[in-house]
Amino acid sequence: MSALNEDIFDTPPEKSTLPPKEVVEEKEEIKPVEETPPVEEKKPPTKGKHKKKMSDERRAQLLKNLELGRERSKIKRQMKAQGKKIDKKKADNELKEKILKDLEESKTNTQLNEEIADLRKKLKFIMDEKEKPKPQPKLEPIKEEKPKEEVKISPPLRPKSPIVPIPEPVVDKPKVRCYSVLRGYYYE
């Protein structure tokens, strides 16, 4: 074949007397070689069941089940979200209650602090009063009362009992009236 190829290329091409249509026909007669598609290698069979083609009824059933499942899951998600909202509201309410309770305690603490400050002022005033020289309490002379005469009891007609009553001694205490700054009046 190589010899033929050399002859063809070395000699100039001959002019043909045929009409151009015939040349076209000759070209048509030459058919290009058709390429064969590559042979697909068959895979070894897999273990397990071979899948069958799904019937229309089965496909409709599965689509229906899928739709129902999606609806149910949507409802569950919505309920879960609603539950979380409720929990969040409860947590917010508890937090608000804690804050309000703390504010109330701080108010009561400030009220108590104010009362303590007032009491300290009063105590300071009282301590200042104590440090000042006190005026002597006014002593009013108490009128002397006449001692009571003892009344003699006649002996009983019965025999004497072994228990003898002892008369209580009479002690005269002078009565003193003092003025109290804290109380604001005289007392005995």
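Rules behind the numbers
- Residues numbered from 1 in each chain as written.
- Predicted model: local features only at pLDDT ≥ 70, side-chain atom pairs only at ≥ 80, totals over all residues.
- Heavy atoms only, no water.
- Helix = DSSP H or I, 4+ residues; strand = E, 2+ residues; numbered from the N terminus.
- Buried < 20%, exposed > 50% of the residue type's maximum accessible area, 1.4 Å probe, protein only.
- Areas by Shrake-Rupley, 256 points an atom, 1.4 Å probe, with all protein chains shown as cover.
- Polar contact = N/O pair within 3.5 Å; in protein donor to acceptor, adjacent residues only side chain to side chain.
- Contact = heavy atoms within 4.5 Å.
- Patch = residues over 30% accessible without salt bridge, like charges linked within 9 Å, V, L, I, M, F, W, Y side chains within 5 Å.
- Salt bridge = Lys/Arg side-chain N within 4 Å of Asp/Glu carboxyl O.
- pLDDT = per-residue confidence, 0-100.

Draft legend 1. A look at the overall build of the protein. When helices and strands are counted, the protein shows three helices and two strands. Seen in sequence order, the protein has helices and strands lined up from the N terminus as α-α-α-β-β. The buried share of the protein, reckoned over its 188 residues, is 1%. Carbon and sulfur atoms form 57% of the exposed surface of the protein, whose accessible area is close to 21700 Å².

Draft legend 2. Representation of the side chain of S180 in the model. Relative to the assigned elements, S180 resides in the loop between β1 (178-179) and β2 (186-187). Note on S180: relative accessible area 12%, which makes it buried. Reaching out from S180, the side chain makes a polar contact with the backbone nitrogen of L182 at a distance of 3.4 Å. Beyond its immediate sequence surroundings of up to four residues, S180 is in contact with Y185 and Y187.

Draft legend 3. Examining a nonpolar patch on the surface more closely. A cluster of nonpolar side chains, contributed by L95, I99, L100 and L103, occupies part of the molecular surface with about 380 Å² of accessible area. Mapped onto the fold, L103 is located in helix α3 (residues 56-131). The exposure class assigned to L103 is partly exposed, which follows from its relative accessible area of 44%.

Draft legend 4. View of the confidence of the model for the protein. On average, residues of the protein carry a pLDDT of 77, and 64% of them reach 70 or more. The low-confidence segment residues 22-27, where pLDDT is below 50, has one contact with residues more than four positions distant or belonging to other chains.

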